[in-house]
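This is what each chain is made of:
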Amino acid sequence: MRVEQATAVWVMGSRIQLIRVLDNLLDNAHRHAESAVEVTVEPVDGQAVVTVTDDGAGIASRDRERVFERFTRLADGRRRDPGGSGLGLAISRDITHAHHGTLKAEDSPHGARFVLRLPPLDTGRSAPKPAV
């Protein structure tokens, strides 16, 4: 897995819930990747943006919104993980919306690409110190 972060990006929210979103995106990417997962974190157009991309089979454009519906599992997902419930992306999107953000499956030259956008921490406040 390769992680790129150009600059520090801070968001306000429930640490546990946001970890759940990221954990789900990373688990899905590892499950569907052939050999690589790439994660980028950057500020874009006034938002904190996390992109998780894998080099697997990808998601057809007709299914990119459907994967966020509860209990939806595409054929590749059922093949790679027969025990899954089809709830992870639906829950992740609900958490994202509760944090005033968006979570979408977007175009990718190969593989799946999920983009999480969240409002940044209010710039009038001081950012918390990172845990060591």
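Sequence order as written defines residue numbering, which begins from 1 separately in each chain. With pLDDT at 70 or above as the cut-off, local features in this predicted model cover only qualifying residues; side-chain atom pairs require 80 or more to be listed or tallied, and sums for whole chains, interfaces and linings still use all residues. Based on all heavy atoms of the structure, the side-chain values leave hydrogens and waters out of the count.

Caption draft 1: How the structure looks around the overall build of the chain. Secondary structure elements follow DSSP: runs of H or I of four or more residues count as helices, runs of E of two or more count as strands, with numbering from the N terminus. Across its full length, the chain holds three helices and five strands. When the elements of the chain are put in sequence order from the N terminus, they spell out β-α-β-β-α-α-β-β. Under the scheme applied here, a residue whose accessible area is under 20% of the maximum for its type counts as buried, over 50% as exposed, and between as partly exposed, the area being computed with a 1.4 Å probe on protein chains only. When each of the 132 residues of the chain is scored for burial, the buried share is 36%. Any two residues whose heavy atoms approach within 4.5 Å are treated as being in contact. In the chain, of all internal contacts separated by at least 6 residues, the share reaching a separation of at least 24 is 57%.

Caption draft 2: Up close: the pattern of salt bridges. Should a side-chain nitrogen of Lys or Arg be within 4 Å of a carboxyl oxygen of Asp or Glu, the pair is scored as a salt bridge. This structure, assessed with the given rule, holds eight salt bridges. A salt bridge links Glu4 to Arg2; the nearest nitrogen and oxygen atoms lie 2.3 Å apart. When its relative accessible area of 36% is taken as the criterion, Glu4 is described as partly exposed. Residue class for Arg2 comes out partly exposed when judged on its relative accessible area of 45%. In this structure, Arg64 engages Asp107 in a salt bridge whose closest nitrogen and oxygen atoms are separated by 2.4 Å. A residue pair is termed long-range when its members are at least 10 positions apart, and Arg64 in the loop between strand E3 (47-54) and helix H2 (75-80) and Asp107 in the loop between strand E4 (102-106) and strand E5 (113-118) qualify at 43 residues.

Caption draft 3: Fine view of the packing of aromatic side chains. When two rings of Phe, Tyr or Trp (its six-membered ring) have centres within 6.5 Å they constitute a pair, described as stacked for plane angles under 30 degrees, edge-to-face for angles over 60, and tilted for the intermediate range. One pass over the structure, following the stated rule, counts one aromatic pair. Its end group placed over the ring of Phe68, Arg93 keeps NZ or CZ at 3.8 Å from the ring centre. Note on criteria: charge over ring means Lys NZ or Arg CZ within 6 Å of the ring centre, with the direction from the centre no more than 35 degrees off the ring normal.

Caption draft 4: Summary view of the pairing of strand E1 (residues 2-5). The criterion for strand pairing is that DSSP finds at least two bridges linking the strands in question. Note: E1 against strand E2 (residues 37-44), four bridges, orientation parallel. Counted as the bridge partner of Gln5 is Val41 from E2. Looking down the strands as they point away from you, a crossover is right-handed if its path from the first strand over the helix to the second goes clockwise. Following the backbone out of E1, through helix H1 (residues 15-32) and into the adjacent parallel E2, one traces a crossover that is left-handed.

Caption draft 5: Broad picture of the nonpolar core. Counting residues in each nonpolar core, the largest one holds 20 residues, and the members touching the most others are Leu25, Val52, Phe68 and Phe114. Counting only elements with at least two residues in this core, the list comes to H1, E2, E3, helix H3 (88-98), E4 and E5. Among the elements that take part in this core, H1 stands out by supplying four residues, more than any other. Residue types Ala, Val, Leu, Ile, Met, Phe, Trp, Tyr and Cys, when buried and joined through side-chain atoms within 4.5 Å, form a set referred to as a nonpolar core.

Caption draft 6: Structural context of the environment of Ile95. Structurally, the position occupied by Ile95 is in helix H3. As for Ile95 and Val21, which are separated by 74 residues in sequence, their C-alpha atoms are 7.2 Å apart. Filtering out sequence-adjacent residues up to four positions away, Ile95 remains in contact with Gln17, Arg20 and Val21.

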